[in-house]
Each structure stands twice: as C-alpha cells, then as structure tokens.
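Structure at a glance
Letter by letter, the chains look like this.
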Amino acid sequence: MAEASWPRRLPVIGSTLFFLALAVLALTAFALHTADKASQQAPPATPIPQPATPGARVALIYLDQQDLRQAQLPDAENIPVTKALLSPTLLHGYNIVAVTNKAAQKLAQHPHLVTALLRSGASILVQGPRPIATLLANIKPGPNTPLLLIPLASDNKPGLPEEATAAAIAAGTVYPNGKIAPRYTVFHKTAFRDALQQLLLKPSLTSTSRIGEKSATTILYDLDRRWYYVGELAEDTYLEAGNIVVGVTERYMVFHWTPDYNDVQVPANCLWRVIAQDKECTDLSCIPFSSRPYVLDSVIPRYRSLLGWTMTPNLIAVNDSYYIDQDIVYAWPDMSLVGPASETVSGVIAYKGGSASYTVSIPNDIVTKIGIDSAYSNYFGRVRDTADYWLWGFQSLLSEARSGSAGAIAYVSAPCTAVDTRWPLAPPGLFVGVRFRDVAKASIIDPASGLVVPGLEAVKDTTYRFYVSTIDVTLLGKYDNRASPNTRG
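Residues numbered from 1 in each chain as written. Predicted model: local features only at pLDDT ≥ 70, side-chain atom pairs only at ≥ 80, totals over all residues. Heavy atoms only, no water.

Considerations on the state of the cysteines
In protein structure, a disulfide is the covalent linkage between the sulfur atoms of two cysteines. Scanning the model with the defined rule gives two disulfides in all. When the cysteines engaged in disulfides are numbered in sequence order, the protein pairs them as 1-4, 2-3. (Disulfide = S-S within 2.5 Å.)

So, in structure tokens, the structure goes:
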C-alpha cells in the first residue's frame, strides 16, 4: 500500500521542491540586491579619482631622498631640485609640477623659473605650511611683478594670514606683455597627495586659459564690453563642530575690469566685476576619513516658505563701503529666487585672442534671498549701495540637504584715475570685501566621552579684502568674522 501511494505523492513533493527553490532564489536575489545597494551607498575606503585631463603628466621636485619619501607621490616623475635648476627644460610638458616645501625654498631663489613654468601652462602645487609665501618669497607685489594677483600676509609679504597644507598656482591668462593673471587654490587640512588628486579632477587648473566662444549673456552691464581678467583666488576649507570635521566648502573669487564704461556723472570711474561662488558639502563622502566615525548626521541650512530659516543661513556678500566714491551699480541675482538658475559672463581678453567665459550657477532647490545695505554718499550726492548680500540654503518643507552651492556677480563703479575724494595716498581702483559664511548643523559622537552630541551648529565665516586696479589685484587681508556675525563683510 505504501509502495502504491509513493508515485501519487511525487507531484506533490515535486511542486513543493519547486516552490522551495523559487523561495531560495528570491531570497538570494534580495540579499544580492541589498548588498549591492549597500555597497553603492557606502563611501569607498580608498577612492582612486581619474584625471579630468587625459594623459596629465605630473612632476615632483624634491630636495633629497628623505624629502622624496615624505612627499608620498608615487605616480609622479621625480626630479631633484638641483637638476631642475640646472636644466629647466626638464619641466616642459608637465601639466602639474608638485614642489615639496624644502624644494620650494630653493626654487624661490629663481623667480624667473617660476614665472616661466606658469607661462608654459603648468600648474605649480606647493607643499605647506606656508606654500605661497615660500614659493613667491622673491616676487614682490607691485606694477613690475609678472603676477597680477599676489595674496599678502599681515606682514605685507606674499602669502596668506594663516598656514595651509598646500597651494596651487596656475596661469589663468597670459597677456601679450607677459603679465600673468593667476589662479590660486589653497588647501587646508588636506594631505599633499590628496591636494594633487583634487587638482587632477579640475581641468580648469591644468590648462592655461578658459578660452571659448563669446557666450551670450542677459546682463546689461556685460554686453559689448572688453573685460580684462586680473586674477582668481579659491580656497578649500573645513567646517568643524567640537573639533570634528562635519563639512567641506569650496570658495572662489574672480576679478575683471573694463575701460568700456561711460558714466556721465562720474567720468573718473571704471567698472569692475566681482564673481563669487560658494559650494558646501556635508555628505559623509566629502568628510575626511578620520572624522567619519564620529559624524552621525550633518546638513546644510534649510529654508521653509512659511517658517523661514531653520538655522543660520549661508551667506555671500560683496562690500564696497570702504570709500564714498564706490558704488555697486548692478548685481546678479537681483532678486530672491529658487534654482536652477545660472548666468554666463564673458569677454575676457586672452593671450591668443578670443574670449573666455564663466558660468555662475545656483542648482535645483537652492533658495537665494538677496539683501542690500545702502548709505548716503557725498561724492555721488545720493544713496549708494555699500554692500549686496545673498542668503542661501536648501528650500524644503520637510527634507534636509547635505550639499549645495550658490554664486553671485557684482558690478562695482570705482575710480580708475586719481581723484581727490580718496584718503591720502590711496591709489585709484576698487577696494572690496568678499565675505563667505558657511553653516552646517551636525550630530556627532564626542571622541573623548563617547556621548552623542546633537544639533551642533558649525560656522565658517570669513571676509577677504582686496585692492583691485587696472594693472594688478592684491589680497590685503583675510579676517574671521566670529566677533561680528551680523556684519556684511
């Protein structure tokens, strides 16, 4: 009887095994999908960025074998500084020339070699702690210098008011007279090798000029004018809460001037253009590996249409209040808006003719709220804008954002020839402050106690003060705004 019933049970057993197999396959597929999703969300342990410039060549200039080992740039072609000084042509054809701090001290004694490298189209990456001051020690600010933009330290020497781990210098434009309008990128708390990798991901820092067709623009103050590029300063820096890095920021400032500006009331004035762009990222993939285990969450400022800002908003400001004969005649964005929005400005006279263009953008869901500070000017006989500022953050009723960026353009009228309204000995030109405030709200694990600390507000608030003339631009100072958080810069 049992033997007779066994064949009748085969279909039942077979169907049971079939459904069990399907269940196993489904569970396996689900597990693989979950693992794949997790692998996509988790940041890579050792990211290997690919160069944005295909076939980019990197040289490392070093002093001795110990210097070479400490640099840790295995992918670079190593050249001793003594050999580079004896045969400067060895450095031809490289996109980036990385220089250790000790080698930079030797290289600084030959400023003609530094300027020749920049004119050839190479970016020079210098190791800290005072990279700009070290490399440019013998290139003095002034009308005879080959560089149109030189950042100054508080002692009136080339450099920045604080130490940096690395800095890159590239020729944004080389004019027919040999003058170099440089681009600086300053890295803080970034390893020398990581700074090099970031440069390789930025094609604009491995080419001599942003040459392209003249781009159309809707800005009235930009049309049919020759805009002369005089320099650019960028900084990559960190936001910290409780000594833990909870975000990174990238800031840059670009300066141009034009002689094509006819102001009947103020014929002595020329027009300057100030471009400012700010980018903030608080995602774990942006935060250094050493801080990631302690960061539970970190977000950028949020704006709600009914309730307003949930925390201190980010800020970009352009301040021209230092003299009564300066005036912001136009700014973009000129009204509060929600991205995406962008503006392209052009007309930069480049070495081989043509023009270059910059696109200033505000991405999707980023809100920008404009504000204006005004005061009466005896010089103009009217109220003039002393500062334009833009508050920016992520617009949402419920969700948070971990990255965003905003940009602004200001057109400032200032004397291009000597006038009697200036303070004694003040040269003609634009004296301008550019201010950035970046904010993040983070919850962290305190490394000392192991306790969770929620809702910390990290703020990085800095004003850069520049003097811009028709022949050069100088960073006069860099100031921390903690003491006066409500000023516009």
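Following the structure, the description resumes.
Comments concerning the sheet that holds strand E1 (residues 58-62)
If you walk across this open sheet you meet the eleven strands as E2-E1-E3-E4-E6-E7-E9-E10-E11-E22-E16, and the pairing is mixed. The open sheet has two edge strands, strand E2 (77-80) and strand E16 (327-332), and neither has a second partner. Shown here is a sheet whose adjacent strand axes are inclined to one another by a mean of 20°, direction ignored. Where E16 and strand E22 (residues 403-415) come together, five bridges link them in antiparallel fashion. Along E22, the bridge assignment pairs Tyr330 with Tyr411. Relative to strand E6 (residues 166-174), helix H5 (residues 111-119) is tilted by about 65°, and along the sheet it contacts strand E3 (96-99), strand E4 (123-127), E6 and strand E7 (180-187). Contacts from helix H7 (residues 192-200) reach E1, E3, E4, E6, E7 and strand E9 (228-241), with the element oriented near 160° to E4. (Pairing = 2+ DSSP bridges. Helix = DSSP H or I, 4+ residues; strand = E, 2+ residues; numbered from the N terminus. Axes fitted to C-alpha atoms, helices over the stretch in contact; angles between N-to-C directions. Contact = heavy atoms within 4.5 Å.)

Here's the deal with the environment of Asn156
Summarising the element assignment, Asn156 is placed in the loop between strand E5 (149-151) and E6. With 15 residues separating them along the chain, Asn156 and Pro141 place their C-alpha atoms 9.0 Å apart.

A closer look at the side chain of Asp325
Relative to the elements of secondary structure, Asp325 occurs in the loop between strand E15 (314-319) and E16. Every residue in contact with Asp325, bar those within four places of it in the chain, is listed here: Asn269, Tyr379, Phe380, Ser413, Ala414, Pro415, Val419, Thr421 and Arg422.

Considering the confidence of the model for the protein
Residues of the protein with pLDDT of at least 70 account for 81%, and the chain-wide mean is 81. By mean pLDDT, the top-scoring element of the protein is E15 (97), and the lowest-scoring one is strand E8 (residues 211-212) (33). In the model, residues 1-52 has pLDDT below 50 throughout and makes 16 contacts with residues more than four positions away in sequence or in other chains. Note that residues 350-354 has pLDDT below 50 and, in this model, ten contacts with residues that lie over four places away or in other chains. (pLDDT = per-residue confidence, 0-100.)

Focus on the environment of Ile96
Note that Ile96 resides in strand E3. Taking C-alpha positions, Ile96 is 9.7 Å from Ile169, a pair spaced 73 residues apart along the chain.

Overview of H5
When H5 is considered as a whole, its buried residues turn out to be Leu113, Val114, Thr115, Leu117 and Leu118. Phi turns positive, to about 105°, at Gly121, one or two residues after H5. (Buried < 20%, exposed > 50% of the residue type's maximum accessible area, 1.4 Å probe, protein only.)

Comments concerning the nonpolar core
As a rule of thumb, soluble globular proteins bury nonpolar side chains together. Formed by 86 residues in total, the largest nonpolar core has its most connected members in Ile61, Leu135, Leu136, Tyr184, Phe255, Phe466 and Val468. If you tally residues by element for this core, the top one is E22, at seven residues. Once you skip the residues sitting within four places of it in the chain, Phe466 turns out to touch Leu233, Met253, Phe255, Leu430, Phe431, Val432, Val434, Val473, Thr474, Leu475 and Leu476. Listed in part, the 18 residues of the second largest apolar core include Ala166, Ala195, Leu196 and Leu200. (Core = buried A, V, L, I, M, F, W, Y, C linked by side-chain atoms within 4.5 Å.)

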